[in-house]
Amino acid sequence: MAIAEQNRNEYVSAQPQTQSARWALASLSLATLLSSLGTSIASVGLPSLMQDFDATFQSVQWVVLAYLLAITTLIVSAGRLADMFGRRPLLLGGIALFTSASVLCGLARTLWLLIAARAVQGLGAALMMALTLAFVAETVTKDRIGSAMGLLGAMSAIGTTLGPSLGGLLIAGFGWRAIFLVNVPLGVLTFALAWRALPAHSKTGQQVDRGTFDVVGTALLALTLAAYALAMTFGRGNFGALNISLLIAAGIGVLLFAAVQARVNNPLIRLASFRDLQLSASLAMSLVVATVMMATLVVAPFYLSRGLGLDAAMVGLVLSTGPLVSALSALVAGRLTDHFGAHRMMVAGLISLATGTFLLSLAVIRFGIAGYVVAITVTCIGYALFQTSNNAAVMTGVGAGQRGVVSGLLNLSRNLGLITGASLMGAIFAVASAKGQEGIGLLSSEAAARGMQVTFQTATVLALAALFLALLSARAEFKRQRLVEVSQDL
């Protein structure tokens, strides 16, 4: 009877915890949706901005670039600040900053004010992106982290998919300002949920590390990442003297940053942490996989329009297959990760990714839309499996005091992969398809297929390299578990 009463009491006390965890996870999901929606929704408004502000494309593209640069350069620093001052106040501050900047974007009367507001919005997004992953360990039990990561991955994919279509509808009905103002009610709801549901203190009981903030390292890292991002985006893949100069500056910045981190007492990033094979391999794999996936966004539209002869509406419909599959697969991937383990699912995901990119590299035009849809489905299932399991493996293996900065590093590696992929994969496609052509706008179906084949052959090699790293990481984890078991037996 005493045991039954104890079990009943434990069940009753667990109910509020479970309910609170669900609401907390809902707020983290909305924060993820907001940050990904902010990335994808603005692109569709560029033509309207050119007309309204009487500006060139080179000018209005900074509405997108300012947001991405702010996230890329500041996301690691955002994670470090959260480790120092607490994740809850920083995440709430990020949501409030993003929402307030959305109001400024919607009310901007000049293009440069809009660009400045987008940079501030990007800072808010950096805080949200860095801290949603870090907060998962504070809201769910260890055996449910995979499912939580899958939910966040699904929300990110939904935000990316929803952005262009929602943006188009809002612009058609209310004008371009609506694509920014739509974030305001969503931001207010997210803030209210997060304020109510997120835990004020760490479940581990670990005290907040209020060490000094590495201002010099932060500035060096931001300038280095900005130089690299600009080198990859200027000229749309056509490298010139400016791109090379920026890459050289980024290389020098890396050396200076490493030197500073080795000397300061409280570095932004502890270089010794990269000696951990698990972390280093996960970051490298994240970068490589993001580079591979960017090819599906940069190259596939040319293949579908030129190679298969689809009109714009059909191209958009077929391209939506990938994000839709990613969103649905991420939910299943979370449960599989919890059941079979993160490293097994990581390997399985990369096998699926490599298989999908190989199928895309065949680019057999006679198979038509069905051939592409099958290949992209296999690819995106693999991506969802990898992304969910990789995030789960990293965030469960890091100490509570480092979760913010490591989450920032994970997001940074993904962003750098996307930036690299946009330039690298676009350049490979342009070179491979240009033989015998007068320009990329005049591609024949054969040239588009040839470019597709070479691009995804390269992507397959990269996917196999990531798979090799995953196998090494899984082997190291297996050895570590064996040592733990042997020590326990002794």
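Each remark here, short or long, concerns the structure printed above.
Throughout, residues of each chain are indexed from 1 in the direction in which the sequence is written. Selection of residues for local features in this predicted model requires a pLDDT of at least 70, selection of side-chain atom pairs for listing and counting requires 80 or more, and totals for whole chains, interfaces and linings are taken over all residues. Note that the side-chain values use all heavy atoms of the structure and ignore hydrogens as well as water.

(A) Representation of helix H9 (residues 183–197) in the model. Runs of E in the DSSP output that reach at least two residues are strands. Runs of H or I that reach at least four are helices, and both are numbered from the N terminus. A helix's residues, less one, multiplied by 1.5 Å, set its expected span. The end-to-end C-alpha distance of H9, which contains 15 residues, comes to 21 Å, matching closely the 21 Å that a straight helix rising 1.5 Å per residue would cover. Looking at H9, one finds that the buried residues are Asn183, Gly187, Thr190, Leu193, Ala194 and Ala197. Around the axis of H9, the buried residues are gathered within 130 degrees of arc, so they sit on the same side. Those residues of H9 that are exposed and aimed more than 90 degrees away from the buried face are Pro185, Trp195 and Arg196. The rule is simple: take the accessible area with a 1.4 Å probe, protein chains only, and divide by the maximum for that residue type; under 20% is buried, over 50% is exposed, in between is partly exposed. Directions are taken from the helix axis to each C-beta atom, and the arc is the one they span.

(B) Highlighting helix H4 (residues 62–85). In this model, H4 (24 residues) spans 32 Å end to end at C-alpha, consistent with the 34 Å of a helix rising 1.5 Å per residue. Bend, at a single residue, is the angle you get between axes fitted to the 7 residues ending at that residue and the 7 residues starting at it. At Leu74, H4 shows its maximal bend, which comes to roughly 50 degrees. H4 sits mainly inside the fold: 19 of its 24 residues count as buried. Residue Gly86 follows H4 closely and has a positive phi angle near 105 degrees.

(C) How the structure looks around the nonpolar core. Think of a nonpolar core as a cluster: buried Ala, Val, Leu, Ile, Met, Phe, Trp, Tyr and Cys residues, connected wherever their side-chain atoms sit within 4.5 Å. Leu28, Ile75, Val76, Leu91, Val136, Ile269 and Met395 are the most contacted members of the largest nonpolar core, which totals 53 residues. No other element matches helix H6 (residues 111–139), which puts 11 residues into this core. Apart from the residues within four sequence positions on either side, Leu91 is in contact with Leu28, Leu127, Met128, Leu131, Phe135 and Leu198. Formed by 41 residues, the second largest nonpolar core is a distinct cluster that contains Leu304, Ala354, Leu360 and Ala449. We call two residues in contact whenever any of their non-hydrogen atoms come within 4.5 Å of each other.

(D) Structural context of the packing of aromatic side chains. Pairing of aromatic side chains requires ring centres within 6.5 Å, counting the rings of Phe and Tyr and the six-membered ring of Trp. Pairs whose planes differ by under 30 degrees are stacked, by over 60 edge-to-face, and all others tilted. Counted under the stated rule, the structure contains 3 aromatic pairs. Residues Phe53 and Trp176 carry aromatic rings whose centres are separated by 5.6 Å and whose planes lie at 55 degrees to one another, so their mutual orientation is tilted. With Phe53 in helix H2 (residues 46–53) and Trp176 in the loop between helix H7 (145–174) and helix H8 (178–181), the pair connects residues that are 123 residues apart, well separated along the chain. Here Phe53 and Trp176 have matching classes, each one buried. Centre to centre, the rings of Phe191 and Trp195 are 6.1 Å apart; their planes meet at 25 degrees, and the pair counts as stacked. Here Phe191 pairs with Trp195, and both are found in helix H9, just 4 residues apart, close to one helical turn.

(E) Looking closely at the environment of Ala21. Of note, Ala21 is situated in helix H1 (residues 2–40). The exposure class assigned to Ala21 is buried, which follows from its relative accessible area of 18%. Along the backbone, Ala21 and Thr139 are 118 residues apart, and their C-alpha atoms lie at a distance of 5.2 Å.

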